[in-house]
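Structural characterization, general
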Amino acid sequence: MEKTTQSAGASKYAIQHHYDTSNDFYGLWLDKTRTYSCALFESGEESLEEAQINKLDYHIRESRIKSGQRLLDIGCGWGSTIQRALETTDIRAAVGLTLSEQQVAYCERLNRREGVDIKLENWEDHSTEHAYDGIISIGAFEHFSRPELNQVERIQGYRKFFEKCHKWLPNKGFLSLQTIAYGTAERSQINQFILDEIFPQSDLPYLEDIVIASKGIFEIQRVRNDRMDYAKTFKHWKKRFKVQRQAAVHLVGETKVAHYEKYMDLFMIGFHIGNMVLYRLTMKAI
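Residues numbered from 1 in each chain as written. Predicted model: local features only at pLDDT ≥ 70, side-chain atom pairs only at ≥ 80, totals over all residues. Heavy atoms only, no water.

Focus: the packing of aromatic side chains
- Within this structure, the stated rule accounts for 37 aromatic pairs.
- Plain terms: the ring middles of Phe141 and Phe162 are 5.9 Å apart, the flat faces sit at 40° to each other, and that makes the pair tilted. Within this pair, whereas Phe141 is found in the loop between β4 (134-138) and α7 (151-168), its partner Phe162 is found in helix α7, the two being separated by 21 residues in sequence. Note on accessibility: Phe141 and Phe162 belong to one class, buried. (Phe/Tyr/Trp six-rings, centres within 6.5 Å; stacked < 30°, edge-to-face > 60°. Helix = DSSP H or I, 4+ residues; strand = E, 2+ residues; numbered from the N terminus. Buried < 20%, exposed > 50% of the residue type's maximum accessible area, 1.4 Å probe, protein only.)

Thoughts on the pattern of salt bridges
- Tallied over the full model, the rule gives 15 salt bridges.
- Ionic pairing is found between Glu62 and Arg64, a salt bridge with its closest N-O pair at 3.9 Å.
- Here Lys238 makes a salt bridge to Asp265, at a shortest N to O gap of 2.7 Å. Of the two residues, Lys238 sits in helix α10 (residues 227-243) while Asp265 sits in helix α12 (residues 254-273), which places them 27 residues apart along the sequence. (Salt bridge = Lys/Arg side-chain N within 4 Å of Asp/Glu carboxyl O.)

So, the packing of α10 against α12
- At a minimum axis separation of 8 Å, α10 and α12 run at an interaxial angle of 155°. As the angle between them shows, α10 and α12 are arranged roughly antiparallel. When the axes of α10 and α12 are compared, the crossing they make is left-handed. For the pair α10 and α12, contact is made by Arg227, Met228, Tyr230, Ala231, Phe234, Lys235, Trp237, Lys238 and Phe241 and by Val257, Tyr260, Glu261, Tyr263, Met264, Asp265, Phe267, Met268, Phe271, His272 and Ile273, respectively.
- Looking at the contact of α10 with α12, its residues break down into 14 nonpolar, 1 polar and 5 charged. (Axes fitted to C-alpha atoms, helices over the stretch in contact; angles between N-to-C directions. Parallel < 35°, antiparallel > 145°, perpendicular 65-115°, else oblique. Left-handed = near helix turned anticlockwise from the far one by under 90°. Contact = heavy atoms within 4.5 Å. Nonpolar A, V, L, I, M, F, W, Y, C, P; charged D, E, K, R; others polar.)

Some thoughts on the sheet that holds strand β7 (residues 276-285)
- Pairing is mixed across the open sheet formed by 7 strands, whose spatial order is β3-β2-β1-β4-β5-β7-β6. Strands at the two margins of the open sheet, each flanked by one partner only, are β3 (116-120) and β6 (218-225). For this sheet the average axis-to-axis angle between neighbouring strands, irrespective of direction, equals 20°.
- When strand β1 (residues 70-74) meets β4, the two strands line up parallel, connected through 3 bridges. Paired with Asp73 across the strands is Ile136, a residue of β4.
- Docked against the sheet, helix α3 (residues 48-62) engages β4, β5 (174-182), β6 and β7, running at close to 130° with respect to β5. (Pairing = 2+ DSSP bridges.)

Comments concerning α7
- With 18 residues, α7 ought to run about 26 Å at 1.5 Å a step, and its terminal C-alpha atoms sit 26 Å apart, in line with that.
- Every buried residue belonging to α7 is among Arg154, Ile155, Gly157, Tyr158, Phe161, Phe162, Cys165 and Trp168, and all of these are buried. Each buried residue of α7 lies within a common arc of 160° when the element is viewed along its axis, so the set occupies one face. Facing away from the buried side of α7, by more than 90 degrees, are the exposed residues Val152, Gln156 and Lys167. (Expected span 1.5 Å × (residues − 1). Arc of directions from axis to C-beta.)

Some points on unusual backbone geometry
- Phi at Arg34 takes a positive value of approximately 55°, unusual for a residue other than glycine.
- With respect to the helices, strands and loops of the structure, Arg34 is situated in the loop between α2 (23-29) and α3.
- Assessed through its relative accessible area of 14%, Arg34 is described here as buried.
- The residue Arg64 is not glycine, and still its phi comes out positive at about 65°.

And the structure:
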């Protein structure tokens, strides 16, 4: 159960506002892996599903997780990263954290696998008796700070995250982190519609925030800016969404569907022109 802590990030309610819209709704327009984050288009000719598998494999490699080891997935979504790690590396155990009740329900199939535990839990409240050998966090860092926080408060919250990850990696393991971040846009330019209707209580980091917050805790060994991959991912989602529009309206109503169409358009443009960027960071515990 989620404990009552003073969090710098989005509340459980705010997370569920977006991710608990409906498992069936997301199933209409996500690919078969049910992966809701930026794909990795290595050749440029991949299907959306192939590009999402590229992304999952990339983070599994960067986390350095190996057969027989333990993986922590912070912001596990519908379980695609853990599922892929089970298939490709034969890990011994995996823990996934999410604040979405719908995602936990969907991941019950993974819970039946020995050594797999999907928890409805904030990373701030997570504790473990066993060390992890690698940590992956894809598309969760965007929810670790609220818009009203100043830079000092924001970095304090991020630093708490890195300190926790460092504690869970006593053998100087790797964290593979993926997050949207501010590019050329200023924080003051964020569209209020996104804060009100799509991602309440959530704000993006700047790269410098991550560098400062992780200093002395993690060594940043690799940084990729794949913003055009996210523009392409949203283009795929928008196309699939259009095909399934009537089914989506039936599930969640016209207003919600119109909100998602506007959100997809805004993000597709934002990544294309560089207002937002997509970082993939490989970080080694010091």
